[in-house]
Amino acid sequence: MLVGGRFEVESVAGRGGMGAVYRARDRERGGHVALKIVDAAGNRAVRFEREARVLADLEHPAIVRYLAHGRTAAGEPFLAMEWLEGEDLAARLKREPVGARDAVRLVQRAAEALGVAHARGIVHRDIKPSNLFLVGGECARVKVLDFGVAHVQADALTRTGAALGTPSYMAPEQARGERRIDARADVFSLGCVLFECMVGHPPFVGENTMAVLAKILIEDAPRVSSLRGDLPAELDDLIARLVAKDPAVRPRDGRDVAALLGVLGTITDTAVTRARDSAVTVGEQRLACVVLASRAIPLGTDPTATPTGEEATLAEASAPTLADAATPTTGRELANAPRLTALRAAALAHGGTAEVLADGSVVVTIFGRGAATDQAAQGARCALALRALLGDVAMAFAVGRCPVEDRASLGDLLDRAARLLRAPAVATAATALHRAQTGVPPIRVDDTAAGLLDARFAIDGDELGLALVGERDLAAPARTLLGKPMPCVGRERELAALTALFDECIAEPMAHVVVVTAPAGVGKSRLRHELLARIAVRDVEVWMGSGDAMNPGAPFGMLAQALRRAAGIVDGEPPLVRNMKLRARVMRHLAGDDAMRVTEFVGELVGAPVIDDGSMQLRAARRDPQLMGDQTLRACEDLVAAESSARPLLLVLEDLHWGDLPTVRFVDSVMRQLPDRPVMVLAFARPEVDVVFPRLWAERNVQRIGLGELTRRAASKLVRDALGNALDEAAVGRLVDRAAGNAFYLEELIRAVADGKDDLPDTVIAMAQTRIDDLEAEARQVLRAASIFGDTFWQQGVEALLEASAPRVDVWLTELVARELVVEHRESRFAGQRQYGFRHALVREAAYAMLPERDRVRGHLIVGNWLEQRGGEIDAVALAEHFERGGEPARSVAWYRRAAEHALESNDLASAI
């Protein structure tokens, strides 16, 4: 076949999604050429024409040489380029690694070629190993290929906001779909290629495109020196600049990159010369939440795109995005700008940060402090809020521990969420009903998230996985354990006391206020559930409000929530409907002017205002905040008086430690104004409530009930009720010991045993870390270092681990003893060494789980060396484990051998005796 009257096709060299490459003979000049012919359908011809124009305008020894372009007799576009013998870098890396010296030479030459393009206003936008061809297999003879997605300044054919490039090598600005892409995007891609040559993989990898793009936007690339230690520090620093998130940190263009690589001199693969860091750094692993929404902001199709599958070059597989909402340019972008603004606002309201990927998908990350259950609830509410905004799109929610330093490294967590997103939809009765009622699918969740969410969140699922269906009312039944209801154990005394106080409240009658305190996970919610179940058969009015971790202290927040529930008001209803519901509720026991006044002022509080101007009192109060507060308080008191005159009233306040002062003062006023009414206020809080509200209701004869740890007998009964006789007494005892009386820990450990798992569940570790989160940074660092030793450690050993950062280990150990996290032993195994132990194994395991993997490896090696130097009676097995975890297998084997020899000697001695 003759093409263009000049090129005679000889054979097929390769085929792709857009067409084929042929080996052809140039009848005009002689020799062979690479002839690229594409299908003229769709927009492929437009992209192909652009590549031909760009190549024709570029000339450099490291850029594949242009020969001609045109159309075949059948009208198909063709491009003739020089014929190259060799292999591309992707094939080379798959076959064998590239040495550091060759890699630098390769990238320097490619950078010089790109520098020529950059000087002419051309950005390649798809630099990757498969587009770097090694002529004759030599790195020094690299040629840059495929300018098909190159951007030429002022080129009207390039759609703004398009996702162009290959995921693992995309600059953040490309992954975000930004309009203004310059030469520094190619610089980033070059950095990714050089990074891969050094360590064997790009800096950002994931199970699918969404995970990779999310990591590019959220994570910082790791330092090459953290993955291999035989490179010059100058090269390590330069690669870090090339793959920096901020374009301003990167070199300006290809010429700058080539120049910077040139001044490095000869690369000899010498060791990185850096000051020694402490083994246990200031970095630590913390809980994080991720919410993913697939293609949540659809924006049409890239006019130059040709779909070829998810893992294909995004130039051929993705849609434009709305990354720069401040300057939308298309009608579709203008229409979606408010949606994007609302989405980011919803994420921010729940403590999260939203990023929009180039294909319109959304990733929200949430980092927080405090109890793991609170953080999971915060993430779940964020997911539900986004669901309401985004409608019928696939969503996933995952919770896990991630290293947190300057930026979060979400790594596996993003992969896990992306994996959930790709799973088939759950199709159980509950989720089918949810979709039928709401028109949207539920949100897929991972096991850790599901385990940390309490009974307020409806979780459903089948063999395909779990799904978040929605949030229930606080009065919903407590969750089951292993699918069956569990009796409330170990709380008989507290239940009896609460029941007696409520009986007295009704019989006298007299007002009571009770505060139940306990740390997270001990069982406050279960106690509340059991009490409400006991009094449900009585003629009692129950109002329930809860503190909000995201908006603690919001004026009248808890009271308003309780009144909204009492009136049946739900979000999304028109104001008129809400006002009608409230008026009907008030008029149960009030009439005339009192009913109108109470409706008006309570309506202002609960978001159900009157639709007209209202009374003169209301209009005056709206101009005077102090007057509005007084009138609202009076209206709420009058409503309580009317309700309690008809039947007993129980006001339950959940999570009072996040409550608000106006609600607290309202309770105080009710207790003062209505001492002889059957009104009982029952508040549940963590111990810190006394810091938030000092002298809480001290003048109202408040009753205090502190929930302690479950007794061994109660904990053992819970294990037996859940698992039957599956465990022997010793195994039950180990479970009970491990849970340390915490009901939440025990339930999660029971679930792990039922699933055949020996490892401590992430849910338990996350909850145990709550106590550690409250410590100062230096105290946490000392605790993490100590955890590397195991249950027992020594002050001098911890100091050896923290050599560079050197916090006052002795001072912080004294503080940790005072806070009952560690104990000092009277005797020490090593003379002159102060010996300590963790007060509970859970604290040690939680601290150890906060260590980044790099710190663990280095730390175990240092601990092994320190223990080995002590001499004397050394635990050979412990030393072997430290060296094994520290990356020294030979030394580990030697100590395992010694342990075996000691065991044989002991057996021989026992036999002789």
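Residues numbered from 1 in each chain as written. Predicted model: local features only at pLDDT ≥ 70, side-chain atom pairs only at ≥ 80, totals over all residues. Heavy atoms only, no water.

## Re the overall build of the chain
Assigned secondary structure in the chain consists of 33 helices and 26 strands. Per-residue burial for the chain yields a buried fraction of 54% across its 913 residues. Accessible area for the chain stands at about 39000 Å²; split by element, carbon and sulfur atoms hold 50% of it. (Helix = DSSP H or I, 4+ residues; strand = E, 2+ residues; numbered from the N terminus. Buried < 20%, exposed > 50% of the residue type's maximum accessible area, 1.4 Å probe, protein only. Areas by Shrake-Rupley, 256 points an atom, 1.4 Å probe, with all protein chains shown as cover.)

## Some words on the pattern of salt bridges
Counted under the stated rule, the structure contains 53 salt bridges. One salt bridge in this structure joins Arg105 and Asp102, with 3.9 Å as the shortest N-O distance. A residue pair is termed a helical-turn pair when its members lie 3 or 4 positions apart in one helix, as Arg105 and Asp102 do in helix H3 (residues 100-119) at 3 residues. When its relative accessible area of 40% is taken as the criterion, Arg105 is described as partly exposed. The salt bridge involving Arg184 is made with Asp182; its shortest N-O contact spans 2.8 Å. With relative accessibility at 25%, the residue Arg184 sits in the partly exposed group. Among the charged side chains, a network of salt bridges with common partners joins Asp539, Glu541, Arg585, Glu643 and Arg647. (Salt bridge = Lys/Arg side-chain N within 4 Å of Asp/Glu carboxyl O.)

## Re the sheet that holds strand E26 (residues 835-838)
Sheets are built from strands that pair by backbone hydrogen bonding, the pairs being arranged parallel or antiparallel. Taking strand neighbours across the sheet as the criterion, the 3 strands line up as E24-E26-E25 in an open arrangement whose pairing is antiparallel. In this open sheet, the two strands that pair with only one neighbour each are strand E24 (792-794) and strand E25 (822-824). Looking at each pair of strands side by side, their axes are set apart by 30 degrees on average, direction ignored. Note: E25 against E26, 3 bridges, orientation antiparallel. Following the sheet pairing, Glu824 is matched in E26 by Tyr836. (Pairing = 2+ DSSP bridges. Axes fitted to C-alpha atoms, helices over the stretch in contact; angles between N-to-C directions.)

## A closer look at the packing of aromatic side chains
Counted by the stated rule, this structure contains 9 aromatic pairs. Aromatic side chains Phe188 and Phe204 sit 6.4 Å apart centroid to centroid with 10 degrees between the ring planes, which places their arrangement in the stacked category. Placement of the pair is Phe188 in helix H5 (residues 183-199) and Phe204 in the loop between H5 and helix H6 (209-218), with a sequence separation of 16 residues. Owing to a relative accessible area of 1%, Phe204 belongs among the buried residues under this scheme. Aromatic side chains Phe789 and Trp866 sit 5.8 Å apart centroid to centroid with 90 degrees between the ring planes, which places their arrangement in the edge-to-face category. Separated by 77 residues along the polypeptide, Phe789 in helix H27 (residues 777-789) and Trp866 in helix H31 (residues 853-870) bring together distant segments of the chain. Following the ring pairs from residue to residue traces out a cluster consisting of Phe789, Trp794, Phe830 and Trp866. Between the NZ or CZ atom of Arg844 and the centre of the ring of Tyr848, over which it lies, the distance is 4.6 Å. The ring of Trp866 has Arg870 sitting right over it, with the charged end atom 4.3 Å from the ring centre. (Phe/Tyr/Trp six-rings, centres within 6.5 Å; stacked < 30°, edge-to-face > 60°. Lys NZ or Arg CZ within 6 Å of the ring centre and 35° of its normal.)

## Remarks on the pairing of E26
Alternating residues of E26 divide into Gln835 and Gly837 and Tyr836 and Phe838, and every residue in both groups is buried. Where E24 and E26 come together, 3 bridges link them in antiparallel fashion. Its bridge partner being in E26, Thr792 is matched across the sheet by Gly837.

## With respect to the nonpolar core
Judged by nonpolar contacts, the single largest core of 105 residues is most densely connected at Phe397 and Leu783. Of all the elements, helix H10 (residues 372-390) adds the most residues to this core, at 9 residues. Of all hydrophobic cores here, the second largest spans 89 residues; its members include Ala211, Ala214, Ile216 and Val224. (Core = buried A, V, L, I, M, F, W, Y, C linked by side-chain atoms within 4.5 Å.)

## Describing the sheet that holds strand E6 (residues 77-82)
Within the open sheet, the 6 strands sit side by side as E1-E2-E3-E4-E6-E5. Their pairing is antiparallel. The open sheet has two free edges, formed respectively by strand E1 (2-3) and strand E5 (66-71), since each of these has just one partner strand.

## Things to note about the confidence of the model for the chain
Within the chain, residue pLDDT values average 82, and 84% of them lie at 70 or more. Counting contacts from residues 271-276, a segment whose pLDDT is below 50, to residues more than four positions away or on other chains yields 17 contacts. (pLDDT = per-residue confidence, 0-100. Contact = heavy atoms within 4.5 Å.)

## Brief notes about H31
Relative to the 26 Å expected for 18 residues at 1.5 Å per residue, H31 spans 26 Å between its end C-alpha atoms, a close match to the ideal helical length. For H31, the full list of buried residues reads Asp855, Arg856, Gly859, His860, Ile862, Val863, Gly864, Trp866 and Leu867. In this structure, the buried residues of H31 make contact with strand E12 (284-293), H27, E24, helix H28 (795-801), helix H30 (841-849) and helix H32 (876-885). Just past H31, the residue Gly871 takes up positive phi, approximately 70 degrees. (Expected span 1.5 Å × (residues − 1).)

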